[in-house]
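# Summary of structural features
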Amino acid sequence: MKRCIAITTGGGDAPGLNAVIRAAALAAHRRGWEVLGVRRGYAGLLNTEETIPLTRDNIRGIAHQGGTILGTTNRGDPFAYCERGETTPRDRSDEVVKNFRQLGLDALLCVGGDGSMRIAHKLHQKGIPIVGIPKTIDNDLSGTAVTFGFDTAVKVASEALDSLHPTAEAHERVFVVEVMGRYAGWIALHAGVSGGADVILIPEIPVNVDAVCRKIQERERSGRHFSLVVAAEGARLDGATVTREEAKPGGVERLGGVAERLAERIAERTGKETRSLVLGHLQRGGNPTARDRIIATRFGAAAVRQVESGEFGVMVALDPPQVLTVPLAEASRMKTIPLDDDTVLTARDLGICLGDE
Ligand code: F6P
């Protein structure tokens, strides 16, 4: 049966979004279906002119590129929509349903993180046939073993540690590197372990600055006059996260600054020259690794097979070696690092300080 499906990318971008768009479009074209791309996440469904046909030509050669050809926003929740400058969110979800029907669509593929999956779940309850596709560099989405974008972010952060190592050693300095990870420290943990960090700080474990300084001083005494500290942006110093900007209506607060704050405290306590740096969006913007491209491509194709099966309200997910589906309700739950996670235990076995002892 000929169908017309739409695809949208919402929330913060993640390397692999273009690969998923390409894969879904190719799989749909092979079935003789039409594909529309919706620009700027769910916000694009508030205006039917925000859609573009995804033909073979405009998806050619994009799988290796970062970003998303459809654009994205993390301010596009149609259930609490706020135009720039507006302060009171409005529920515009009925317009999304109306536009979906007016465009003659048979299904919507939503690529996004936990926020996008929650919205997808609510839109499905309003009658839109939806299949979710998980993405986020933070890897903090339950229901899937991993999200695409994570591997690329870890690679960027781990390579940054490789570059800092020799200069830290040469100048006998401490470096505190801030990586992304708002509620979960997956990037910090994996980059820290792979990049040989001495201290790894994650949102799941409150930071005791004394413990961090003790580790640095221990290294000093054993003749290691430099240290590398990796801190997730959501790590809690004295029980609180460090915020750069309060939340705007319809948005979330902007975290940032934990590395700088911690570097000052380490310098004060240990007397060591301590520098900080923030990797920020370098972790999000680059070309996806081969692993992320493959996960994204498999998710795109699996989502189209799911549309063909006629079962909606689910998210495609990786349960190695399979790609399967989980209910959207389950998918939107946050996945933080369990304290008995094997990589946490490994870090402790290697003597890496996790900020608590
Ligand atoms: O969710 C992905 C993420 O990169 C978080 O780690 C980070 O807190 C947030 O997005 C930053 O979003 P923005 O680019 O909108 O400031």
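Residues numbered from 1 in each chain as written. Predicted model: local features only at pLDDT ≥ 70, side-chain atom pairs only at ≥ 80, totals over all residues. Heavy atoms only, no water.

This part takes up the sheet that holds strand β6 (residues 174–179). Strand order in the open sheet formed by four strands is β7-β8-β6-β11, with parallel pairing between adjacent strands. What marks the edges here is a single partner per strand, and that holds for β7 (199–201) and β11 (274–278). For this sheet, the mean inter-axis angle between neighbouring strands, taken without regard to orientation, is 15 degrees. As judged from the five bridges shared by β6 and β11, these two strands associate in the parallel manner. Bridging from a neighbouring strand, Val-176 pairs with Ser-276 of β11. Here helix α7 (residues 258–270) sits on the sheet and contacts β6, β7, β8 (227–232) and β11; the angle it forms with β11, its principal contact strand, is near 175 degrees. (Pairing = 2+ DSSP bridges. Helix = DSSP H or I, 4+ residues; strand = E, 2+ residues; numbered from the N terminus. Axes fitted to C-alpha atoms, helices over the stretch in contact; angles between N-to-C directions. Contact = heavy atoms within 4.5 Å.)

Here the focus is the UniProt feature "binding site: Mg(2+)" (unreviewed entry) in the protein chain. Within this structure's numbering, the places UniProt gives as "binding site: Mg(2+)" (unreviewed entry) are Asp-114. Mapped onto the fold, Asp-114 is located in helix α3 (residues 114–125). Classification of Asp-114 as buried rests on a relative accessible area of 17%. Apart from residues no more than four positions distant in its own chain, Asp-114 is found in contact with Leu-141, Ser-332 and Met-334. (UniProt positions renumbered as here; feature names shortened; annotations may be inferred. Buried < 20%, exposed > 50% of the residue type's maximum accessible area, 1.4 Å probe, protein only.)

Here we have seven strands laid out as an open sheet, ordered β3-β2-β1-β4-β5-β12-β13, and mixed in their pairing. Either end of the sheet is taken by a strand with one partner, and the two such strands are β3 (51–53) and β13 (322–327). Each neighbouring strand pair of the sheet contributes to a mean axis angle of 30 degrees, computed without reference to strand direction. Relative to strand β5 (residues 130–134), strand β4 (residues 107–112) is paired through five bridges, and the arrangement is parallel. For Cys-110, the partnering residue across the bridge sits in β5 and is Gly-132. Across the sheet, α3 lies against β4, β5 and β12 (314–319), angled at about 170 degrees from β5, the strand it touches most. The strands touched by helix α9 (residues 290–309) are β1 (4–9), β4, β5, β12 and β13; relative to β12, the strand with the most contacts, the crossing angle is about 140 degrees.

Another aspect to go through is the nonpolar core. Ranked by size, the top nonpolar core spans 67 residues in total, and within it Ile-5, Ile-7, Leu-109, Ile-133 and Phe-148 carry the most contacts. Per-domain counts for this core show at least three residues from each of domain 1 (4–148 + 286–331) and domain 2 (151–285 + 338–349). If we ignore the near neighbours within four places in the chain, the residues touching Ile-5 are Ala-28, Trp-33, Glu-34, Val-35, Leu-36, Leu-105, Ala-107, Leu-109, Val-304 and Val-307. The next biggest cluster of nonpolar side chains, apart from the first, holds 28 residues, and it includes Leu-36, Leu-105, Ala-120 and Leu-328. (Core = buried A, V, L, I, M, F, W, Y, C linked by side-chain atoms within 4.5 Å. Domains from an automatic or database assignment.)

Bringing the site of the ligand into the picture now. As a structural note, the neighbourhood of the ligand is formed by Asn-74, Ile-137, Asp-138, Met-180, Gly-181, Arg-182, Glu-233, His-281 and Arg-284. Here the ligand, which alone exposes 400 Å², has 76% of that area covered by the protein. Taken together, the residues of the shell around the ligand sort by class into two nonpolar, three polar and four charged. (Near = heavy atom within 4 Å. Areas by Shrake-Rupley, 256 points an atom, 1.4 Å probe, with all protein chains shown as cover. Nonpolar A, V, L, I, M, F, W, Y, C, P; charged D, E, K, R; others polar.)

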